[in-house]
Amino acid sequence: MYSFEERIRYSELDENRNLSLVSIINFMQDCCTYEAEDGGVGIDWLKERKTAWMLISWQVKILRRPAYCEHVKITTWACGFRHFLGMRNFTIENAETGELLIYAYSEWAYVNTEAGKPESRIPEKEIEVYGMKEPLDREFEKGRIPVPASLKTAPPITVTQFQIDTNHHVNNAQYVALACSVLPKGSAHVSSFRCEVRQQSVLGDVLFPYVAEEEDVTTVVLNDAEGKPKLIAQFK
């Protein structure tokens, strides 16, 4: 397992003075990248091998959002490997009491960045660095996110430089931010979040959002110009 501690900053808050959904994703993303760097398999190691870990899906469950100035502990661990796939859990706890605040499950693909395709297998060094622990004993949804038929269009979004990361595509947290930007009621009250990344987006791409509201569930689909999904997100 790998952990680090933080204090919730003003810049990480939502409108209710709690940690925003995008900041939650950032914390978890930072935790696994810190683990990679400290283990010697970080950005430079991957770049030399023309490889990268690409997010396939997130599932995030929020029991309570950390509040402004609260001290938290973010933890991650690898919970499975299969061919080119890596599975990873995350938790965010109150650093002083150990109260579990947020937990998550994610899936990643180990990809050759030149070919744009998954590698045949994950290097042994990475598996040794990360190790493997038992999956978190919590329930997560199975199967793909269902997309309702009652989708309504929202204004197109053009990818800007601000959203691009070191892999030269839209950062995982920024993808979530783009989906949140078309939510009719915002994301401050979301307690469960899922997303599937079907395609990466790069600078200048135009995304075409579609939104469906059904009782306590809102689904957002970001399509490409040909109508193929790039991101499917579900907010509860």
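Presented here is a report on the structure given in the accompanying data block. (Residues numbered from 1 in each chain as written. Predicted model: local features only at pLDDT ≥ 70, side-chain atom pairs only at ≥ 80, totals over all residues. Heavy atoms only, no water.)

## Topic: the overall build of the protein
Within the protein one finds 4 helices and 12 strands. Expressed along its principal axes, the backbone C-alpha trace of the protein runs to roughly 45 × 45 × 35 Å. For the protein, buried positions account for 50% of its 236 residues. Within the protein, counting contacts between residues at least 6 apart in sequence, those at least 24 apart form 72% of the total. Element-wise, carbon and sulfur atoms account for 49% of the exposed surface of the protein, whose accessible area totals about 12,100 Å². Looking at the protein, you have 26 positive and 34 negative side-chain charges, and the mean spots of the two groups are 3 Å apart. (Helix = DSSP H or I, 4+ residues; strand = E, 2+ residues; numbered from the N terminus. Buried < 20%, exposed > 50% of the residue type's maximum accessible area, 1.4 Å probe, protein only. Contact = heavy atoms within 4.5 Å. Areas by Shrake-Rupley, 256 points an atom, 1.4 Å probe, with all protein chains shown as cover. Lys, Arg positive; Asp, Glu negative; His and termini not counted. Charge placed at Lys NZ, Arg CZ, Asp CG, Glu CD.)

## Some thoughts on the side chain of threonine 219
Looking at the secondary structure, you find threonine 219 in strand S11 (residues 217–223). Its relative accessible area of 2% is what places threonine 219 among the buried residues. With sequence-adjacent residues up to four places away left out, threonine 219 is seen in contact with Pro146, Pro148, Leu151, Tyr210, Val211, Ala212, Ile232, Ala233 and Gln234.

## Overview of unusual backbone geometry
A positive phi angle, close to 75°, is found at cysteine 69, a residue other than glycine. The class of cysteine 69 is partly exposed, set by a relative accessible area of 26%. Positive phi outside glycine occurs at glutamate 215, with the angle close to 50°. Looking at the secondary structure, you find glutamate 215 in the loop between strand S10 (206–214) and S11. For glutamate 215, a relative accessible area of 83% puts it in the exposed group.

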